[in-house]
Amino acid sequence: AQTVTQSQPEMSVQEAETVTLSCTYDTSESDYYLFWYKQPPSRQMILVIRQEAYKQQNATENRFSVNFQKAAKSFSLKISDSQLGDAAMYFCAYRSAQTGTASKLTFGTGTRLQVTL
Amino acid sequence: EAGVTQFPSHSVIEKGQTVTLRCDPISGHDNLYWYRRVMGKEIKFLLHFVKESKQDESGMPNNRFLAERTGGTYSTLKVQPAELEDSGVYFCASSRLQPGPLAKNIQYFGAGTRLSVL
């Protein structure tokens, strides 16, 4: 079974600064997908960024980028130029590419990000 | 396009009572998932519907939990009778059922229902 580990329960960053959230995972599969989801307080959880394991190039979405290290099974999220609206709970998630056309997500325990002025 | 909607946003019940959670997926999304997050722990998969059929219910904790999706539209998750350990946030997610790279089958989540069993 796959597992996802987020070792930072809480992180804090000053506005306009850069922060990196860590995520490691364990799997015996070679083909899979990784995701970062963000949940602001009492609001919907939204997808921030995704990475296909077969792609070596790190995914980027505006101020959000990942450092995907497949051999090390590491998938960290970097947020540049942090904004107050980035404050949320961030979840790292794994999905197998092997099971039909849709598959369950395996999540980490989450990292709560605070953004200060 | 309306997002995934969950009702209620918060429910407080006593041990032994029954609670029903509802999820309205995004229109046209045939895949519907239920997940649960117990305080401080990871979000765990409960079950997966494809239209009205249960595709995978391996995460359902016990027979006190009953999920339905009549007509393949909205879904309900009933807990009967509720126990203290059922407290947590219940998330619903939906995605399109389509061929092609799995990365396109992005799961869209609701805001969750916070269940407190006293």
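Higher on the page you've got the structure.
Below or above, wherever it landed, is the structure these notes cover. (Residues numbered from 1 in each chain as written. Chains lettered and ligands numbered in written order. Predicted model: local features only at pLDDT ≥ 70, side-chain atom pairs only at ≥ 80, totals over all residues. Heavy atoms only, no water.)

**Regarding the interface of chain B and chain A**
Then step 1. Contact with chain B, which involves 26 residues of that partner, is made by 25 residues of chain A.
Then step 2. With both chains or domains summed, chain B and chain A bury close to 2,000 Å², and 59% of this area falls on carbon and sulfur atoms.
Then step 3. At the junction of chain B with chain A, the criterion picks out 0 salt bridges.
Then step 4. Linking chain B with chain A are 6 residue pairs in polar contact (both at pLDDT 80 or more).
Then step 5. When contributions to the side of chain B that touches chain A are tallied by element, the ones reaching two or more residues are strand S4 (31–37) and strand S5 (43–50) of chain B.
Then step 6. Here the side of chain B that touches chain A gets 4 residues from one element, more than from any other, and that element is S4(B).
Then step 7. Considered class by class, the residues forming the side of chain B that touches chain A number 13 nonpolar, 9 polar and 4 charged. (Contact = heavy atoms within 4.5 Å. Buried area = accessible area lost by both parts, 1.4 Å probe. Salt bridge = Lys/Arg side-chain N within 4 Å of Asp/Glu carboxyl O. Polar contact = N/O pair within 3.5 Å; in protein donor to acceptor, adjacent residues only side chain to side chain. Helix = DSSP H or I, 4+ residues; strand = E, 2+ residues; numbered from the N terminus. Nonpolar A, V, L, I, M, F, W, Y, C, P; charged D, E, K, R; others polar.)

**Quick look at the nonpolar core**
Then step 1. In this structure, A:Tyr25, A:Trp36, A:Phe75, A:Leu77 and A:Tyr90 are the most contacted members of the largest nonpolar core, which totals 25 residues.
Then step 2. Looking at this core, the elements that each hand over two or more residues are strand S3 (19–21), strand S5 (32–39), strand S6 (46–52), strand S8 (64–69), strand S9 (74–79), strand S10 (88–96) and strand S12 (111–116) of chain A.
Then step 3. The element best represented in this core is S10(A), accounting for 4 residues.
Then step 4. Listed in part, the 21 residues of the second largest apolar core include B:Leu21, B:Cys23, B:Phe49 and B:Leu115. (Core = buried A, V, L, I, M, F, W, Y, C linked by side-chain atoms within 4.5 Å. Buried < 20%, exposed > 50% of the residue type's maximum accessible area, 1.4 Å probe, protein only.)

**Considering the sheet that holds strand S1 (residues 5–7) of chain B**
Residues and elements named next belong to chain B.
Then step 1. Across the sheet, which stays open at both edges, the 4 strands sit in the order S1-S3-S8-S7 with antiparallel pairing between neighbours. Here the strands that pair on one side only, and so sit at the sheet edges, are S1 and strand S7 (65–68). Averaged over all neighbouring strand pairs, the angle between strand axes comes to 15 degrees, with direction disregarded.
Then step 2. In this structure, S7 lies alongside strand S8 (residues 75–79), joined through 4 bridges in antiparallel fashion. Of the residues in S8, the one forming a bridge with Leu-66 is Lys-78. (Pairing = 2+ DSSP bridges. Axes fitted to C-alpha atoms, helices over the stretch in contact; angles between N-to-C directions.)

**Overview of the pattern of salt bridges**
Then step 1. Within the structure shown, the criterion is met by 9 salt bridges over all chains.
Then step 2. Notably, a salt bridge pairs A:Glu52 with A:Lys55, separated by 4.0 Å at the nearest N-O pair.
Then step 3. The buried category is assigned to A:Glu52, whose relative accessible area is 11%.
Then step 4. With relative accessibility at 39%, the residue A:Lys55 sits in the partly exposed group.
Then step 5. Among the ionic pairs, B:Asp24 bridges to B:Arg22, the shortest N-O distance being 2.7 Å.
Then step 6. Judged by relative accessible area, which is 32%, B:Arg22 ranks as partly exposed.
Then step 7. Counted as one network, the salt bridges with shared partners bring together B:Arg36, B:Arg64, B:Glu85 and B:Asp86.

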